[in-house]
Amino acid sequence: MKKCLILVNAYSRLKSSLNQSARLKEEFSSLGVRAEVRPNDFFACEVSEGGDIVRTAEDYDFCVYLDKDKYVARMLEKCGLRLFNPAEAIETCDDKMLTAIALSGCGVAMPRTLPGLLCYNPEEEVKEGVLDEVERRLGYPVIIKTAYGSLGSGVFKADGRAELKVIAEKVKCMPHLFQRCVAASAGTDARVIVVGGRVIAAMRRQSAGDFRSNLELGGQGFPLVPDKELTKLCQKVASLVCPDYCGIDVLFGEGGYLVCEVNSNAFFGGMEKVTGINVAGAYARYMYGEVYGA
Ligand SMILES: Nc1ncnc2c1ncn2[C@@H]1O[C@H](COP(=O)(O)OP(=O)(O)O)[C@@H](O)[C@H]1O
Ligand SMILES: [Mg+2]
């Protein structure tokens, strides 16, 4: 019997997250693969006193890793389990600053970005000199992001110095970044899904009252047929950081597309609804091909 493990975050109760594993399970079942959905709370591996990583989970042919816990991901891989996505891809995409660094030097346009300074002491005030530099290089409005945010929750906009200072104070002890606000793209962007190096679905997202277009914040999705440039860009980005499966956010810059972020664990429920494209099916077939051959 062909079987796979779908690992999900142990604490997430998000509907989109439950939908993700349920849809994949359904698609695997039609391919003859038994998928077991398990929350990532059973210590699938441990470091033994003999100095090895020992797997306590039963044997699976592969694992769809819908969590972002990098430790368990790395441990499972070290035990020889094939993960979709691989631990390295998840780690790179989970951290927006690491993603930008990984994509740099490869001809991928991105908004001008400064890494935030890490502060280890909440009592320390954000340095005025840092704010001066952010202001000088990026102007206003300016975007501030926590490196590990998702669903729009760690993305802020400051219209002036006072606001910038308040936000910078809030995020100073977390990994974060400052980014030029791409005004031409305010409230709208493209979400593109790439599976196995091919663009398989895309939508334009539009928010009515927020500069962030995330569907979870009330943004609306519209089907989008990506032009050649967007297709080529997204296939390149995926091949650089997350070739198996990802959802790429692309801003509409004044001079062309600008890559905003890469989501290794992109929810596909909204995309399936908006476009009618069976994203889970495409992803399940791709994984099947990779593991068992076409
Ligand atoms: N530099 C920017 N300029 C304009 N809008 C932005 C910029 N960065 C992000 N946004 C908007 O905010 C949304 C969320 O930002 P993103 O980096 O994708 O974080 P998240 O991981 O929370 O989705 C984007 O989809 C986009 O609509
Ligand atoms: Mg995003």
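First, a word on scope: everything that follows refers to the structure included in this document. (Residues numbered from 1 in each chain as written. Chains lettered and ligands numbered in written order. Predicted model: local features only at pLDDT ≥ 70, side-chain atom pairs only at ≥ 80, totals over all residues. Heavy atoms only, no water.)

1. What to know about the environment of Leu 131
Alright, step 1. For Leu 131, the position within the fold is in helix 5 (residues 128–138).
Alright, step 2. Residue classification places Leu 131 among the buried residues on the basis of a relative accessible area of 0%.
Alright, step 3. Sequence separation between Leu 131 and Lys 165 is 34 residues, and the spatial gap between their C-alpha atoms is 7.3 Å.
Alright, step 4. Those residues in contact with Leu 131, other than ones at most four positions away along the chain, are Val 126, Arg 161, Leu 164, Lys 165 and Ala 168. (Helix = DSSP H or I, 4+ residues; strand = E, 2+ residues; numbered from the N terminus. Buried < 20%, exposed > 50% of the residue type's maximum accessible area, 1.4 Å probe, protein only. Contact = heavy atoms within 4.5 Å.)

2. Focus on the site of ligand 1
Alright, step 1. Around ligand 1 there are 22 residues in total, and Lys 96, Lys 145, Gly 152, Asp 189 and Glu 261 lie nearest to it.
Alright, step 2. In this structure, an oxygen atom belonging to ligand 1 sits 2.8 Å away from a side-chain N or O atom of Asn 214.
Alright, step 3. Within the side chain of Glu 261, one N or O atom sits 2.8 Å away from an oxygen atom of ligand 1.
Alright, step 4. Within the complex, 99% of the 540 Å² of free accessible area of ligand 1 lies under protein.
Alright, step 5. Counting residues per element, the ones that place at least two in the shell around ligand 1 are strand 8 (142–146), strand 10 (176–180), strand 14 (245–253) and strand 15 (256–263).
Alright, step 6. Looking at the shell around ligand 1 residue by residue, the classes come out as 8 nonpolar, 6 polar and 8 charged.
Alright, step 7. Counting the residues that make up the shell around ligand 1, at least three belong to each of domain 2 (92–109 + 184–282) and domain 3 (113–181). (Near = heavy atom within 4 Å. Polar contact = N/O pair within 3.5 Å; in protein donor to acceptor, adjacent residues only side chain to side chain. Areas by Shrake-Rupley, 256 points an atom, 1.4 Å probe, with all protein chains shown as cover. Nonpolar A, V, L, I, M, F, W, Y, C, P; charged D, E, K, R; others polar. Domains from an automatic or database assignment.)

3. Focus: the packing of helix 5 against helix 6 (residues 161–171)
Alright, step 1. Put simply, helix 5 and helix 6 touch, their axes get as near as 11 Å, and they point 120° apart. Comparing their axes, helix 6 and helix 5 come out oblique. For the pair helix 5 and helix 6, the sense of crossing is right-handed. Between helix 5 and helix 6, the residues in contact are Glu 128, Leu 131, Asp 132, Val 134 and Glu 135 and Arg 161, Leu 164, Lys 165 and Ala 168, respectively.
Alright, step 2. Here the residues of the contact of helix 5 with helix 6 sort into 4 nonpolar, no polar and 5 charged. (Axes fitted to C-alpha atoms, helices over the stretch in contact; angles between N-to-C directions. Parallel < 35°, antiparallel > 145°, perpendicular 65-115°, else oblique. Left-handed = near helix turned anticlockwise from the far one by under 90°.)

4. Remarks on the pairing of strand 11 (residues 188–195)
The side chains of a regular strand alternate, residue by residue, between the two faces of the sheet.
Alright, step 1. With 8 of its 8 residues buried, strand 11 lies for the most part within the structure.
Alright, step 2. In strand 11, alternate side chains face the same way, and those of Thr 188, Ala 190, Val 192 and Val 194 on one face and Asp 189, Arg 191, Ile 193 and Val 195 on the other are all buried.
Alright, step 3. What sits between strand 11 and strand 12 (residues 198–206) in their antiparallel hairpin is a turn of 2 residues, with Gly 196 showing a positive phi close to 55°.
Alright, step 4. Pairing analysis gives 6 bridges linking strand 11 to strand 14, with the strands arranged antiparallel. Residue pairing in the sheet places Arg 191 in a bridge with Asp 249 of strand 14. (Pairing = 2+ DSSP bridges.)

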